[in-house]
Amino acid sequence: MKYLNQHHQSLPIQPKALSRVIHQLLLGSLVCLPLHSVAQTADEQNVEVISVTGSYSKSLEKAVDLKQSNIGFSDSIVATDIADFPEQNLAEALQRMPGVTIERNKGLGDKVNVRSLPTEFTHVSINDLATASGSGGRDVEFDIFASEIIQSVTVQKSPTAADEEGGIAGSVQISTARPFDFPGRKLIMSAEGAHNSISEEVDPKFSFLASDTFGDWGALVSFAKAQRTNRTDSNSGINFRPSGRFLEQRGSDSKQAQSDQAVAVLERDTGIVINDRFDTDVTNRIVFLDKAGDRVYLNDQDKWGATLSLQYKPDNNFSLTFDGMLGGYDNTEDEYDAAAYSASSISTFEQIHSYDNTTLAADGITVLTDVSYAATQHEFLSKERINNTDYNQFSLTMDWLINGFDIRALAGYSGAEKTTDYANLKHVAYAPSRTRYTANGGETIKSDNPASIDMYDAADSYLFEAYETELEEVSDDKYALQLDVKKALQLEFMPALTSVQFGARYTDKSKERNFGSAKIQGPAAGDSSWVNSRKLSDSELQWVTDIVPGGAYKAKDLNWMQVSNAYARDTFRYDGFAVPFNVADYYRVDEEVLALYAMANFDFTLAGKPVVLNAGVRAVDTSVLSFGYHQIQNEDGSNGYTPAPISKEGSYNDILPSLNMTVELLDGVLWRTAASETLMRPALTDIAYKRSVSWNEFRFKDGNPDLKPTMAKQWETGLEWYLENGGILAASYFWKDIEGVVREALTGVVKDVEKRNANGTLDGYYDFDVYQPVNAEGSYKVTGLELIAQFPLAILHDALDGFGVNANYTKLDNTLTGASSLGIDTPPEGLADSTYNLTFYYENDSFDARLSYNYKDKYVERIERSMYPVYRDAYGQLDIAIGYQLTDNVKLSLKGINMTDEETTGYTMDPAFPTMSEYSGRRISLGLRADF
């Protein structure tokens, strides 16, 4: 953290008095603490955990057993299911579960949605510890976790008072393996090679697990390592830009002339009359293509994960467990762009060939679909992103049954460190051009202007502008202490009350971010001789399809010459090169939470039907302390920043009741009902006490430490029919009333902000809008239907022995709207109306095969400039897995991901205006697995 660390010790971080007392009591009285929720019964705790070997159908049976024994709504997958399916990380393993979908980034699943709600609506824990990540928010980057080291995953959709708060959509509870999960010695090894159809590279992956018990003691270690080389070809980056970019310019005669010309061309070619060019409600509804380009991405990933578990278990009444988990995820992404930036500072409309004011008439949007520009900024960009994430987690747990008290405790730490090193070698050519929509996205071609160029074949026209660098460091530290006590009861006056439980949890979380940027204008420090003198053709050029492996460009029939990132790094990373951190971009957020809960468990009959009921309340006290540097004016009149971070506090208290009830209507037929109130805390980036500036958008963006959590009242009811051999038919209906959703809103305006060019001359005066995240007023309702059908087909006919189906479907209906400042009706980011998963399988003693299809309906990926919803199109993917048992201990497997080579597409507001056409290819792997 360099110079910022000197201020760390003096920052006023003080827990509230009650938090401090509880903290000290727990530290003083506990030697260790637990991982399992005390809501489990003793029978549930001792259920055999399925090992990482076995048949797929047996793993489904175990998952159904877990679902049936849980009093609330939940779904689980266990180790065989996780390991045998084709997947690239834990996120892709989870997508098979009912109501769970994933968000993909260049062909790789990286974030999880539960019931299609945005990723930040989900709380994620590993071994009962909230999971740290290197993201700026609370969402978890699942691509850092190797699925081979995971033992089981449960998605808890209806919380009890004993469950940690934080997930409106649900809680993903991940468990790693422990030595007493196995009957004795266990050794598992696997190796795999995977081929990507676009990169044409073969990537290795291997893992092992070794476990044994020695009387009262047990030890387990596991390790997994994988490499992945993936190429993605994409015609993308196209989005809407408001015409105010041209119409509202002022501050000099040339700027005024550009605005006058833009107004005149609009009126001449479209008949649109602009009475007030500063009326943003008008100018924001006349849009043009911002940036159209072709891009090739190459991702080179190296991921590893390891676990260690030590257990002392002298009898069934006491256990002591240490769990450790380490991981690393290194990803280098090379991106090569040939793009045209039509909204450049010296450009404006030259001729509007066509426009569409009918497709989006309901929102009053006019789209300029085909436009010639006076001086488009053409860009050749060679970008390099190096992400390094280190993850570690340690916990000590105890489970002790003594004198009728079931005491469980937990002490643990989860931490992540992420460093992102970004570089962009930029060559620019200013020339007239024509940019228009096509069926697959945007394209830039030569215009009728004689000065126009073929942007893909004009290396002498492009001049070196800069080698731009950024460096970001994010550290995330989470500590937790928990104590749970459960007492079984046999009261004559209230026999239905079987047990009571209570507990406390203290968590201390801190996320810190440093960010810096630098623009290098020559191959050595202080050298600016290359600017406006060195051409693109003066660098070492290669065909882009030769720089990256895999051959021809897949998005269209196209190729271009580019500078490799290896050349750029060797040329511009001079001796002593470093990127300094900017104090303006620093923030740190500390959060302390004390939660107390009490809960009662009932078991009785009602009208002759067995009923199990759980009711409780959770009280939560949250304190937030946010730090950032603030801009001040120095004595000489120049702008500066405070010498040390300044802080601001925030706090809130919440009471969260919950009730879960299960009634056995018939043998194997359960009716479940659950109701609760829960919350989701605001993203730490939104709480951060800092201000960022965008000269392109003329806006300041401030954090808001006074944000309150998003609250939800929710209930669910459903029927479940448990069949033989792990079969289940289930249907449930859920309802959520969500209020206090965090939205970015215009909270003020700063008038006449002066902007100067690099040479110090006045560029102009601009009004800056101030945007902050706020808790939106009103509430929004989300309702949904979830269906599950899972059963071996032999229950239909003996001839179908070995065949089976595992299917689920989720349908949402909601009044939740996105954050469009233009009032455009749109669902929130990440929410899809319908999703489904369908798996057909067959297995016998020596052979198994699975065919799986996952579908996610369209959803809003982002709200561009807080105005225009950008959708990701509906996406379905077909995966396969085939296995053959060579011996009793060795299995050969063949797996395929994205077998139909699906294209990822998106659009802005309407499919007539595509934003991307992206290809990541299919992936075929061959592997061996040995189990002893």
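1. Points about unusual backbone geometry
Phase 1: Positive phi, normally seen in glycine, also occurs at Asn-532, with a value near 60 degrees.
Phase 2: You can see Asn-532 is positioned in the loop between strand S20 (497–520) and strand S21 (542–543).
Phase 3: When its relative accessible area of 60% is taken as the criterion, Asn-532 is described as exposed.
Phase 4: One non-glycine residue, Ala-607, adopts positive backbone phi at about 55 degrees.
Phase 5: Classification of Ala-607 by relative accessible area gives exposed; the value is 76%.

2. Quick word on helix H10 (residues 565–572)
Phase 1: When H10 is considered as a whole, its buried residues turn out to be Asn-565, Tyr-567, Ala-568, Thr-571 and Phe-572. On an axial view of H10, the arc spanned by its buried residues comes to 155 degrees, and they lie on one face. Exposed side chains of H10 directed beyond 90 degrees from the buried face belong to Ala-566 and Asp-570.
Phase 2: If you follow the buried residues of H10, they end up packed against strand S14 (318–341), strand S16 (366–402), strand S17 (405–438), strand S19 (463–488) and S20.

3. Observations concerning the environment of Pro-645
Phase 1: With respect to the helices and strands, Pro-645 occurs in the loop between strand S26 (639–641) and strand S27 (646–666).
Phase 2: Sequence separation of Pro-645 and Lys-690 is 45 residues, and the distance between their C-alpha atoms is 9.5 Å.

4. Some thoughts on a nonpolar patch on the surface
Phase 1: Among the surface-exposed residues, Ile-882, Tyr-884, Leu-886, Leu-892, Leu-894, Ile-924, Leu-926 and Leu-928 lie close enough to one another that they form a single nonpolar patch of about 640 Å² accessible area.
Phase 2: Of all the secondary structure elements, the ones that give two or more residues to the nonpolar patch are strand S41 (875–885), strand S42 (890–897) and strand S45 (923–931).
Phase 3: Broken down by element, the residue count for the nonpolar patch peaks at 3 residues, all from S45.
Phase 4: Tracing the sequence through the fold places Leu-894 in strand S42.

5. What to know about the nonpolar core
Phase 1: If you look at the biggest cluster of nonpolar residues, it comprises 43 residues, and the most contacted ones within it are Leu-90, Leu-94, Phe-142, Phe-145 and Ile-174.
Phase 2: For this core, the leading source of residues is helix H5 (residues 90–94), giving 4 residues.
Phase 3: In this structure, Leu-298, Tyr-456, Tyr-553 and Tyr-919 belong to the second largest nonpolar core, which totals 37 residues.

6. Digging into helix H7 (residues 253–270)
Because each turn of an α-helix spans 3.6 residues, side chains separated by three or four positions end up pointing in the same direction.
Phase 1: With 18 residues, H7 extends 26 Å between its outermost C-alpha atoms, agreeing within 8% with the 26 Å of an ideal straight helix rising 1.5 Å per residue.
Phase 2: Note on H7: the residue one or two positions beyond its end, Gly-271, has a positive phi of about 80 degrees.

7. So, the confidence of the model for the chain
Phase 1: On average, residues of the chain carry a pLDDT of 85, and 89% of them reach 70 or more.
Phase 2: In the model, residues 1–53 has pLDDT below 50 throughout and makes 130 contacts with residues more than four positions away in sequence or in other chains.

The rules behind these values
- All residue numbers refer to position in the chain's written sequence, counted from 1.
- Selection of residues for local features in this predicted model requires a pLDDT of at least 70, selection of side-chain atom pairs for listing and counting requires 80 or more, and totals for whole chains, interfaces and linings are taken over all residues.
- Each side-chain value is derived from all of the structure's non-hydrogen atoms; neither hydrogens nor water enter the calculation.
- Helix numbers and strand numbers start at the N terminus; a helix is a DSSP run of H or I with at least 4 residues, a strand a run of E with at least 2.
- Buried, partly exposed and exposed residues are distinguished by accessible area as a fraction of the type maximum, computed with a 1.4 Å probe on protein chains only: under 20%, between the cut-offs, and over 50%, respectively.
- To be clear, the arc concerns the directions from the helix axis to the C-beta atoms.
- In what follows, residue pairs with any heavy atoms lying within 4.5 Å of each other are defined as contacts.
- Only residues above 30% relative accessible area that lack a salt bridge enter a patch, with like-charged residues linked at up to 9 Å and the nonpolar side chains Val, Leu, Ile, Met, Phe, Trp and Tyr linked at up to 5 Å.
- Areas reported here follow the Shrake-Rupley algorithm with a probe of radius 1.4 Å; residue values treat only the protein chains shown as occluding.
- Within this document, salt bridges are pairs made up of a side-chain nitrogen of Lys or Arg and a carboxyl oxygen of Asp or Glu, the two lying within 4 Å of each other.
- Side-chain atoms within 4.5 Å link the members of a nonpolar core, which is a set of buried Ala, Val, Leu, Ile, Met, Phe, Trp, Tyr and Cys residues.
- By this rule the span expected of a helix is its residue count minus one, scaled by 1.5 Å.
- Confidence per residue, as judged by the predictor, is encoded in pLDDT with a range of 0 to 100.

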